Amino acid sequence: MAVSLFNKGTAYRKDQNQRTMLMEHIKRSREQYFEPAEKEVGMNWLLRSGISNAEAAPRWQPPLPHALFWLGAGALGMVGLITALKQLHRPEQPVQREELRLDDTPVTILQHPEQQPHDHPAVVIAHGFAASRNIMSAFALTLARAGYTALTFDFAGHGQNTTPLSGDMADFEGRYQQLKSSLQRVVDLARTRGNGQVALIGHSMGSAVVTRYGQEHPEIAAVIGVSLVYDQVTPETPRNLLVINGEREMQLRPMAQQVIDQVAGGSGSGSIGSTYGNLADGTGRRVVYANGAEHLGILFHHTSMREALSWLNACFRRPDEPDPYIDQRLPWFGLLYASALLLFWPCAELLRLARGQHPPLAPVSPLPFRWWLGITLLPALITPLLLRLIPARLTNRFLPIIIGGPLTLHFAFYGGLTAAGLWLAQRALPDKVIPTYHTPQLLFQAVAAALLMSGYAFLTMGQATQRSFVSYFPSAQRLPVAAAVFAAMLPYFLADEYLTRRPGAPRGAYALTKMSFVGSLALAIALNPRQLFFLILVAPMLLAYFAIYGFLGALLYHRSQMPLSGAIANALICACGIAANFPLVQHSPQRRA
């Protein structure tokens, strides 16, 4: 018995000594190998806050058991998604919706099914530049619920209209005649869908078209210019003009003020929010500002809907309802996108279960911060300068879409320069900094994961967005354009994924690279404001895109550990958006001197 206890004690002390020696060995190894590397990476204050990498920092774990947490997140996301879709569709239930085409012009008609034929006016609603009839759905639904027949349509070159714009981009008269032809078809249809009385609403570019058309056709009973960009209004034409501008649209205020000054008695004498003239003889004039609204937000502002409805009721001598329906579905779009992001969280977790516990790619070494910063900032400075050296006629003709060509070129140049920086780092640094795909199976898995993310976005967010907000899917005619945009943008998203989802990237690396890109775009606009000014309006939507789909890409990477997946998915979704929204154009041949 004593011998047995003695042997157990000896074995225990021997085991303790081995453990002590092992801990000392680990400590010496860390001091010799790891701490110098950590100091090299952590010299900058951005890196001292931690390294954005699964191998360098502990992965966040849910507070509940995994299965219960993912099940709860999935259930909450699904409930939110279903609720948002129901709330987006519910206001349309009392309204009859009809889709048709007039030659190449697609038209959507909203009308209350209980209305008797030929006892109500019709309102034709025109969208702005680089938009489609979908974005005017809030106006159409508000008016249809109030008893009007609301018609929205796509101008030539926009949305699902298959006729491209043609001619010289600087030929404003020729451009108006093309847009007018689309409007004329819809106005002719509107006269047959009501009592013959027609009013017009237009936003931005559409405001100029409907205002001038109203001057040329005095039978138009009323015109509403939202974000009015037309300065040839007279005190008598067009009939009964209402101007609705956003409070933040400072550059449009002089044109709006001129509308009421003409009938108020002098410059600066017109009062915002006051009605001038006589609606009975068609000289009514009114200007209102939507509080806090900008160029796109004004299309969903309650002031815009309420003022438009009240003005039309006054012009057509229809009584105002005490509590009319005012379309306010924009918050439900927020719930839709938030729920889709939450639901994707457990869905992406399935990718990690499918690939097993081992990452598919070999680990790479941290990228020193000075390299990371240089690769991030230098393309932002060089890209606008390179594009400024290219003649405008070449950048505008890079793709048959207005503004979309220069924007796609910016992505292509920026991505190429970023990829070149990563390649130089790969050659200059002794350790490997770019992971590679060793087998065709891994490449196939990366592409499959990208298609799953794209399909998920199209299914959960795309359908509702296409129906009531902006174009999400390009038409068949635009598919070659989408393919070209995808090929040009893929290097940017791929290089950005390698740059931001890697060891040594600072916290907030994704946000920093996106701020760098937007800053680069702002510099390009400053260098060429005449050609690229409209991109100022695109910037907010670009930031929203980076935020929403960057989150999906981050989840996809952390579950699959393959940067290629997020790059393909983001390039595909962004390419579809650019190809679907920017106006399609048929360039005229260059004249030889």
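Heads up: these notes are all about the structure in this document. None of these values were measured; they are calculated from a predicted model. (Residues numbered from 1 in each chain as written. Predicted model: local features only at pLDDT ≥ 70, side-chain atom pairs only at ≥ 80, totals over all residues. Heavy atoms only, no water.)

Some thoughts on the overall build of the protein chain
Here is step 1: Summing up its helical and strand segments, the protein chain has 18 helices and 11 strands in all.
Here is step 2: Looking at the protein chain residue by residue over its 593 residues, the buried ones come to 51%.
Here is step 3: Sequence separation of 24 or more characterises 74% of the internal contacts of the protein chain that already satisfy a separation of 6 or more.
Here is step 4: In the form shown here, the protein chain has an accessible surface area of approximately 27700 Å², with 63% of it arising from carbon and sulfur atoms. (Helix = DSSP H or I, 4+ residues; strand = E, 2+ residues; numbered from the N terminus. Buried < 20%, exposed > 50% of the residue type's maximum accessible area, 1.4 Å probe, protein only. Contact = heavy atoms within 4.5 Å. Areas by Shrake-Rupley, 256 points an atom, 1.4 Å probe, with all protein chains shown as cover.)

Considerations on a nonpolar patch on the surface
Here is step 1: Together, Leu 378, Leu 381, Ile 382, Leu 385, Leu 386, Leu 389, Leu 523 and Leu 527 line one region of the surface with nonpolar side chains, adding up to about 700 Å² of accessible area.
Here is step 2: When contributions to the nonpolar patch are tallied by element, the ones reaching two or more residues are α10 (369-389) and α15 (509-527).
Here is step 3: No other element matches the 6 residues that α10 contributes to the nonpolar patch.
Here is step 4: Within the element layout of this structure, Leu 389 appears in helix α10. (Patch = residues over 30% accessible without salt bridge, like charges linked within 9 Å, V, L, I, M, F, W, Y side chains within 5 Å. Salt bridge = Lys/Arg side-chain N within 4 Å of Asp/Glu carboxyl O.)

Remarks on unusual backbone geometry
Here is step 1: Residue Pro 238 is bonded to the preceding Thr 237 through a cis peptide linkage, with omega at -5°.
Here is step 2: At Ser 204, a position not held by glycine, the phi torsion is positive, near 55°.
Here is step 3: Positionally, Ser 204 belongs in the loop between β6 (198-203) and α6 (205-216).
Here is step 4: Its relative accessible area of 12% is what places Ser 204 among the buried residues.

Section: the packing of helix α13 (residues 440-468) against helix α18 (residues 563-581)
For any two helices packed against each other, the geometry comes down to the angle between their axes and how far apart the axes lie.
Here is step 1: Running from N to C, α13 and α18 point in directions that differ by 40°, and their axes come no closer than 8 Å. One element, α13, and the other, α18, form an angle in the oblique class. The hand of the α13/α18 crossing is right-handed. In this structure, α13 contributes Leu 443, Ala 446, Val 447, Ala 449, Ala 450, Met 453, Ser 454, Ala 457 and Phe 458 to the contact, and α18 contributes Leu 564, Ser 565, Ile 568, Ala 569, Asn 570, Leu 572, Ile 573 and Cys 576.
Here is step 2: Here the contact of α13 with α18 is built from residues that sort into 14 nonpolar, 3 polar and no charged. (Axes fitted to C-alpha atoms, helices over the stretch in contact; angles between N-to-C directions. Parallel < 35°, antiparallel > 145°, perpendicular 65-115°, else oblique. Left-handed = near helix turned anticlockwise from the far one by under 90°. Nonpolar A, V, L, I, M, F, W, Y, C, P; charged D, E, K, R; others polar.)

Some points on the pairing of strand β10 (residues 285-290)
Here is step 1: Counting buried positions over the 6 residues of β10 gives 6, a clear majority of the element.
Here is step 2: Along β10, one buried face is formed by Arg 285, Val 287 and Tyr 289 and the opposite face, lined by Arg 286, Val 288 and Ala 290, is buried too.
Here is step 3: In this structure, strand β8 (residues 241-246) lies alongside β10, joined through 6 bridges in parallel fashion. Looking at β10, one finds that Gly 246 is bridged to Ala 290.
Here is step 4: Bridge count for strand β9 (residues 275-276) against β10 is 2 bridges, and the pairing is antiparallel. Note that in β10 the partner of Tyr 276 across the bridge is Arg 285. (Pairing = 2+ DSSP bridges.)

Concerning the side chain of Gln 466
Here is step 1: Within the element layout of this structure, Gln 466 appears in helix α13.
Here is step 2: Residues in contact with Gln 466, not counting those within four places in the same chain, are Asn 134, Gln 160, Ser 471, Tyr 472 and Phe 473.

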